[in-house]
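# An overview of the molecular structure
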Amino acid sequence: MNEMKRLSTRKFILHILLTACLLSGIIITANTPARPLWATGGQVTDLAIYDDALAAAWENWSWDTTPNFANTTPVHTGSHSIAVTYAKANAGLSLRAPLPIDPAGFSAIEFWVYGGAGGSQLSFATQATDDDGLSTMVNVNAPAGAWTRFRVSLSALGNPTELARFNWQGAT
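Residues numbered from 1 in each chain as written. Predicted model: local features only at pLDDT ≥ 70, side-chain atom pairs only at ≥ 80, totals over all residues. Heavy atoms only, no water.

## Section: the nonpolar core
Among the nonpolar cores identified, the biggest contains 29 residues, and Trp58, Ile101, Phe111, Phe124, Phe166 and Trp168 are the most heavily contacted of them. Among the secondary structure elements, those contributing two or more residues to this core are strand E6 (81-86), strand E7 (92-101), strand E8 (106-114), strand E9 (120-127), strand E10 (138-142), strand E11 (147-153) and strand E12 (163-170). (Core = buried A, V, L, I, M, F, W, Y, C linked by side-chain atoms within 4.5 Å. Buried < 20%, exposed > 50% of the residue type's maximum accessible area, 1.4 Å probe, protein only. Helix = DSSP H or I, 4+ residues; strand = E, 2+ residues; numbered from the N terminus.)

Shown next, in the form of structure tokens:
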């Protein structure tokens, strides 16, 4: 549990630059009361995946992209964001948890996206394991030049039984 940071009232941002699109603050939002994240872990509240840097032990499993995890502009909150350049259609930013997360006690995944020129269209989905297919995909459309908050409920993702990877794919 030491690898994971806890959140209370502070919101964090994950930024993605999609030739001018940024995604900010990834948070897995906890239900109340909180439940253990792993059987041996303590009680959790919200779980931060990115807070000016990728959380400890999380890995970049992106494909056909060039991510910059220390981007300095634009930034929604904090001093860094993740800027991602997508090399081709259906390329993806993929963040992998150190261990699969039990979603019991969580209700949603929250993040911010900054729309690039012409706006930014992404598809968001999770995976239970590295070899599993994607959950139900959710469209994420951010208007140009503005930060937009997205809160994707676990039910919109098909009520996954585990969360191991978080994927943002270019929608073109």
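## Brief notes about the packing of aromatic side chains
Applying the stated criterion across every chain, the model contains six aromatic pairs. Relative to tryptophan 168, the ring of phenylalanine 124 has its centre 4.9 Å away and its plane inclined at 45°; by these criteria the two rings are tilted. One end of the pair, phenylalanine 124, is in strand E9; the other, tryptophan 168, is in strand E12, with 44 residues separating them in the sequence. Aromatic ring contacts, followed pair by pair, group Phe111, Phe124, Phe150 and Trp168 into a single cluster. (Phe/Tyr/Trp six-rings, centres within 6.5 Å; stacked < 30°, edge-to-face > 60°.)

## Some points on the sheet that holds strand E4 (residues 59-60)
In space, the five strands of this open sheet follow the order E4-E7-E12-E9-E10, with antiparallel pairing throughout. At either margin of the open sheet sits one strand with a lone partner, and together these are E4 and E10. As defined by bridge partners, E7 adjoins E12 across six bridges and the pair is classed as antiparallel. Following the sheet pairing, isoleucine 101 is matched in E12 by leucine 163. (Pairing = 2+ DSSP bridges.)

## Some words on the environment of alanine 89
Along the chain, the position of alanine 89 falls in the loop between E6 and E7. Along the sequence, alanine 89 and alanine 171 sit 82 residues apart, while their C-alpha atoms lie 7.1 Å from each other.

## With respect to the side chain of serine 135
Locating serine 135 in the fold gives a position in the loop between E9 and E10. Residue serine 135 is classed as buried on the basis of its relative accessible area, which comes to 16%. Beyond its immediate stretch of four places on either side in the chain, serine 135 contacts Ala125, Thr126 and Leu157. (Contact = heavy atoms within 4.5 Å.)

## Quick notes on unusual backbone geometry
The amide bond that connects threonine 73 to the next residue, proline 74, takes the cis arrangement and shows omega of -10°. Mapped onto the fold, proline 74 is located in the loop between strand E5 (65-71) and E6. Of note in this structure, alanine 57 is not a glycine but carries a positive phi near 75°. Here alanine 57 shows up in the loop between strand E3 (46-48) and E4. Using a relative accessible area of 42% as the deciding quantity, one classes alanine 57 as partly exposed.

## Considering the environment of phenylalanine 166
One can find phenylalanine 166 in strand E12. Overall, phenylalanine 166 belongs to the buried group, its relative accessible area being 0%. Separated by 72 residues in sequence, phenylalanine 166 and serine 94 place their C-alpha atoms 5.5 Å apart.

## A closer look at a negative patch on the surface
Residues Asp102, Asp131, Asp132 and Glu162 make up a contiguous surface patch of negative charge. Looking at where aspartate 131 falls in the secondary structure, it is placed in the loop between E9 and E10. A relative accessible area of 77% places aspartate 131 in the exposed class. (Patch = residues over 30% accessible without salt bridge, like charges linked within 9 Å, V, L, I, M, F, W, Y side chains within 5 Å. Areas by Shrake-Rupley, 256 points an atom, 1.4 Å probe, with all protein chains shown as cover. Salt bridge = Lys/Arg side-chain N within 4 Å of Asp/Glu carboxyl O. Lys, Arg positive; Asp, Glu negative; His and termini not counted. Charge placed at Lys NZ, Arg CZ, Asp CG, Glu CD.)

## Quick notes on the pattern of salt bridges
Close approach of charged atoms lets side chains of opposite charge pair. For the structure shown, the criterion picks out four salt bridges. For aspartate 64, the salt bridge is made with lysine 88, and the minimal N-O distance between the two is 3.7 Å. Of the two residues, aspartate 64 is situated in the loop between E4 and E5 and lysine 88 in the loop between E6 and E7; the sequence distance between them amounts to 24 residues. The exposure class assigned to aspartate 64 is partly exposed, which follows from its relative accessible area of 37%.

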